[in-house]
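Residues per chain, in single letters:
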Amino acid sequence: MNDRMQQAFSDQINEELFSSYVYLAMTAHFEAMSLEGFAAWMNLQAQEELAHAKRLFDHINRRGGRVRLKAIGEPPEDFGTPLETFEKALAHEQHITGCIHKLYKVAQEEDDYPAQLELQWFVDEQVEEEENAGRVVEQLKMAGGNQVALLMLDRELGQRSPEEEE
Ligand code: OFO
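1. Digging into a nonpolar patch on the surface
And step 1. Together, Tyr21, Leu24 and Ile72 line one region of the surface with nonpolar side chains, adding up to about 270 Å² of accessible area.
And step 2. In this structure Leu24 comes out as partly exposed when scored by relative accessible area, which is 42%.

As structure tokens, then:
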């Protein structure tokens, strides 16, 4: 794995760790609102992001590269209403999709085939991540200001189970 690829993968590790931090902050935000189901959903999301970071970390190491960890940014504290929070989560995933696509392009430019194969998983994963956050945004829009519908959705999202890693 050449230097440019090691650097690009290390930068993406930072993005994934920051994602985890953002979702952890969203977990705290929902905990503070006593929306336990939304909080549990976000907490699982935070764990998934850590697993994404580790996946990139392992890829660099397996190929004899050197991981370079940098400081993780501070996430916001307040994300607004549940709808606003999930809209921010969706916007964040769209940003990450852009990062993954750029990274894939670098791997193509560098003729790094193992990296391209590894990144295929992330390309797929991003389709799912945007779909998941987008679905909740739509459901929250349907619930509107209805408190009963909001509490039912909170209960439903609390049922989310961890994703199986391949
Ligand atoms: Fe949300 O998929 Fe990684 O960042």
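2. Overview of the pattern of salt bridges
Side-chain pairs of opposite charge can arise where the charged atoms are in close proximity.
And step 1. Per the counting criterion, the structure on display carries 10 salt bridges.
And step 2. With a shortest N-O distance of 3.8 Å, Arg68 and Asp3 are connected by a salt bridge. One end of the pair, Arg68, is in the loop between helix H2 (36-62) and helix H3 (82-109); the other, Asp3, is in helix H1 (residues 3-32), with 65 residues separating them in the sequence.
And step 3. The partly exposed category is assigned to Arg68, whose relative accessible area is 31%.
And step 4. The network of salt bridges with shared partners includes Arg4, Glu109 and Glu110.

3. Here we look at the packing of H2 against H3
And step 1. As a packed pair, H2 and H3 sit with axes 13 Å apart at the nearest point and diverge in direction by 15°. Comparing their axes, H3 and H2 come out roughly parallel. Between H2 and H3 the crossing geometry is left-handed. Note on element contacts: H3 touches H2 through Pro82, Thr85, Phe86, Ala89 and Glu93, opposite Phe38, Trp41, Met42, Gln45 and Glu49.
And step 2. Grouping the constituent residues of the contact of H2 with H3 by class yields 6 nonpolar, 2 polar and 2 charged.

4. Here's the deal with the side chain of His29
And step 1. One can find His29 in helix H1.
And step 2. For His29, a relative accessible area of 10% gives the class buried.
And step 3. At 2.7 Å, the side chain of His29 and the backbone oxygen of Gly80 are in polar contact.
And step 4. With residues near it in sequence (within four places) discarded, His29 still touches Glu77, Asp78, Phe79, Gly80 and Thr85.

5. Things to note about the side chain of Ser19
And step 1. For Ser19, the position within the fold is in helix H1.
And step 2. Judged by relative accessible area, which is 0%, Ser19 ranks as buried.
And step 3. Among residues more than four places away in sequence, those in contact with Ser19 are Glu49, His92 and Ile96.

Cut-offs applied
Residues numbered from 1 in each chain as written. Predicted model: local features only at pLDDT ≥ 70, side-chain atom pairs only at ≥ 80, totals over all residues. Heavy atoms only, no water. Patch = residues over 30% accessible without salt bridge, like charges linked within 9 Å, V, L, I, M, F, W, Y side chains within 5 Å. Areas by Shrake-Rupley, 256 points an atom, 1.4 Å probe, with all protein chains shown as cover. Salt bridge = Lys/Arg side-chain N within 4 Å of Asp/Glu carboxyl O. Buried < 20%, exposed > 50% of the residue type's maximum accessible area, 1.4 Å probe, protein only. Helix = DSSP H or I, 4+ residues; strand = E, 2+ residues; numbered from the N terminus. Axes fitted to C-alpha atoms, helices over the stretch in contact; angles between N-to-C directions. Parallel < 35°, antiparallel > 145°, perpendicular 65-115°, else oblique. Left-handed = near helix turned anticlockwise from the far one by under 90°. Contact = heavy atoms within 4.5 Å. Nonpolar A, V, L, I, M, F, W, Y, C, P; charged D, E, K, R; others polar. Polar contact = N/O pair within 3.5 Å; in protein donor to acceptor, adjacent residues only side chain to side chain.

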